[in-house]
Amino acid sequence: MNKISTFILSGLLVLSMGTSAMAMSTETQDSPMMVKSAHRASQEILSDSEYEEVLERVHSNAVASITLELKEKVEQLRADIESGPLSYTITPLASYDSVSLEALLCTNDGLSVVDIYDIGWTHANAARNEAIDLYTDTTSEMKRDAFRHMTWNFRSIKDVGEHKTRVATINHEWAYLILPEVQEYEDERIDYYFDKYESLIIIGAMDYNTIVQMAKSDGDAFAISYRDELIQECKDSKAVFNNTFSHDSYIMDFWNNKVGRDYGKLEPTSTTDDVFTTAWNDGDLIKNEGSAVTSTKRSTLWSSNWWLP
């Protein structure tokens, strides 16, 4: 708990999310449907201490990259987001924190608030609701998740196009990945500003929300820099990539997102149920977060840049 939390009533703090810088990379033409026989590569991974050194470097470089221009940019992005329809998209499965960060990543990468609403609300909910209707059994959880991600991308690409769909659905994964780090940094900045302006706050010369907004701006700028620094580390090293996305759920989601975009281009007139059934039966999808996430698929995903927004 930061110091300001002990000074004011609970609820006055509004946690903020960050934004991201554009980290564009051309998506390769090969699809998951074309790489079933990819050469098996040995799994590369760093030790805990080695990866901690990488994260410390990423954090340090991210802080050093924060400029006044970047802070001004993220303040405008946040204002655009909070005045738009995304204010009404919070659900029990998507907190303000995660939605806010995801939106900031996407707007910084060139998407409009309307784009994000169409992809992250309209199409995401349609895919989720259909998945729940089709796969109600708890034993079908992995199939339900695969359906949701594949058809989310399948629906979206036909509406807003491949590039916007790619940016939004990949940033969805990045937002959850960096969220804890962004929140921790923002809390540190609240402590910093509270210490700096404590006397003014006590006498009422400065409002509490002022330092909250200052910390939010810092957190947003940090999120942009942090994500881009971590992206570069992952691009430079498959081992760093494997540590960063050590949870197989990320690999499964990135992969199945890409399959959905492929089918959206190849079979745009088909139904969601038809394309999913075909992809599932043909082995195009990753079917679970365990044994199905092989080192070959990790290597293919990393080298093909299907994880880059």
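Treat the numbers as computed from the prediction; the structure is a model and nothing was measured. (Residues numbered from 1 in each chain as written. Predicted model: local features only at pLDDT ≥ 70, side-chain atom pairs only at ≥ 80, totals over all residues. Heavy atoms only, no water.)

### Structural notes on the overall build of the protein chain
Step number 1: Secondary structure summary: the protein chain contains eleven helices and zero strands in total.
Step number 2: Ordered by position in the sequence, the α and β elements of the protein chain form the string α-α-α-α-α-α-α-α-α-α-α.
Step number 3: Within the protein chain, the proportion of its 309 residues that are buried is 51%.
Step number 4: Of all intrachain contacts in the protein chain linking residues separated by at least 6 positions in sequence, the fraction that spans at least 24 positions is 85%.
Step number 5: For the protein chain, the accessible surface area stands at approximately 13900 Å², while carbon and sulfur atoms represent 51% of it. (Helix = DSSP H or I, 4+ residues; strand = E, 2+ residues; numbered from the N terminus. Buried < 20%, exposed > 50% of the residue type's maximum accessible area, 1.4 Å probe, protein only. Contact = heavy atoms within 4.5 Å. Areas by Shrake-Rupley, 256 points an atom, 1.4 Å probe, with all protein chains shown as cover.)

### Considerations on a negative patch on the surface
Step number 1: Where like charges cluster on the molecular surface, the negative patch consists of Asp 48, Glu 50, Glu 52, Glu 53 and Glu 56.
Step number 2: One can find Glu 50 in helix H1 (residues 48–64). (Patch = residues over 30% accessible without salt bridge, like charges linked within 9 Å, V, L, I, M, F, W, Y side chains within 5 Å. Salt bridge = Lys/Arg side-chain N within 4 Å of Asp/Glu carboxyl O. Lys, Arg positive; Asp, Glu negative; His and termini not counted. Charge placed at Lys NZ, Arg CZ, Asp CG, Glu CD.)

### Considerations on the pattern of salt bridges
Step number 1: Under the defined criterion, the tally for this structure stands at 14 salt bridges.
Step number 2: With a closest N to O distance of 2.8 Å, Arg 57 and Glu 233 form a salt bridge. Here the residue Arg 57 occupies a position in helix H1, and Glu 233 occupies one in helix H7 (residues 208–236), the gap between them amounting to 176 residues.
Step number 3: Residue Arg 148 pairs with Asp 145 through a salt bridge whose shortest N-O separation is 2.8 Å. Residue Arg 148 and its partner Asp 145 are both found in helix H5 (residues 141–160); the two are separated by three residues, about one turn of the helix.
Step number 4: Each of Lys 71, Arg 189 and Asp 218 takes part in a single network of salt bridges with overlapping partners.

### Quick word on the packing of aromatic side chains
To describe a pair of aromatic rings, you give the distance between the ring centres and the angle between the ring planes.
Step number 1: Evaluated as defined, the whole model comprises 17 aromatic pairs.
Step number 2: When the ring of Trp 174 is compared with that of Phe 245, the centres are 5.2 Å apart and the planes differ by 85 degrees; the resulting orientation is edge-to-face. Of the two residues, Trp 174 sits in helix H6 (residues 162–202) while Phe 245 sits in the loop between helix H8 (238–244) and helix H9 (248–266), which places them 71 residues apart along the sequence.
Step number 3: By relative accessible area, Phe 245 is classed as buried at 0%.
Step number 4: For the pair Tyr 185 and Phe 222, a centre-to-centre distance of 4.2 Å together with 15 degrees between the ring planes defines the contact as stacked. With Tyr 185 in helix H6 and Phe 222 in helix H7, the pair connects residues that are 37 residues apart, well separated along the chain. For the pair shown, Tyr 185 and Phe 222 are each scored as buried.
Step number 5: These aromatic residues form a ring-pair network of at least three members: Trp 174, Phe 241, Phe 245, Tyr 250, Phe 254 and Trp 307.
Step number 6: Positioned above the aromatic ring of Tyr 192, the side-chain terminus of Arg 189 is 4.4 Å from the ring centre.
Step number 7: A cation over a ring is seen here: Lys 297 above Trp 255, with NZ or CZ 5.5 Å from the ring centre. (Phe/Tyr/Trp six-rings, centres within 6.5 Å; stacked < 30°, edge-to-face > 60°. Lys NZ or Arg CZ within 6 Å of the ring centre and 35° of its normal.)

### Section: the packing of helix H2 (residues 68–82) against H7
Step number 1: Running from amino to carboxyl end, H2 crosses H7 at an angle of 105 degrees, the nearest separation of the two axes being 9 Å. As judged from the angle between their axes, H2 and H7 are roughly perpendicular. For the pair formed by H2 and H7, the contact residues are Leu 70, Lys 71, Val 74, Glu 75, Arg 78 and Glu 82 on the first element and Lys 216, Ser 217, Asp 218, Asp 220, Ala 221, Ile 224 and Ser 225 on the second.
Step number 2: Of the residues in the contact of H2 with H7, the class split is four nonpolar, two polar and seven charged. (Axes fitted to C-alpha atoms, helices over the stretch in contact; angles between N-to-C directions. Parallel < 35°, antiparallel > 145°, perpendicular 65-115°, else oblique. Nonpolar A, V, L, I, M, F, W, Y, C, P; charged D, E, K, R; others polar.)

### Notes on helix H4 (residues 113–134)
Step number 1: In this model, H4 (22 residues) spans 30 Å end to end at C-alpha, consistent with the 32 Å of a helix rising 1.5 Å per residue.
Step number 2: Of all the bends in H4, the greatest, near 30 degrees, is centred on Ala 124.
Step number 3: Among all positions of H4, only Val 113, Asp 115, Ile 116, Ile 119, His 123, Ala 124, Asn 125, Ala 127, Glu 130 and Ala 131 are buried. (Expected span 1.5 Å × (residues − 1). Bend = angle between axes of the 7 residues up to and from the residue.)

### Brief notes about the nonpolar core
When a protein is soluble and globular, its nonpolar side chains tend to lie buried together.
Step number 1: Formed by 53 residues in total, the largest nonpolar core has its most connected members in Trp 174, Ile 178, Phe 245 and Trp 307.
Step number 2: Sequence-distant contacts of Trp 174, that is, excluding residues within four places in its chain, are made with Leu 105, Arg 227, Leu 230, Ile 231, Phe 245, Phe 254, Trp 307 and Pro 309.
Step number 3: Ile 81, Ile 116, Ala 127 and Ala 168 belong to the second-largest nonpolar core, a separate cluster that totals 15 residues. (Core = buried A, V, L, I, M, F, W, Y, C linked by side-chain atoms within 4.5 Å.)

Purely geometric numbers; function is a separate question.
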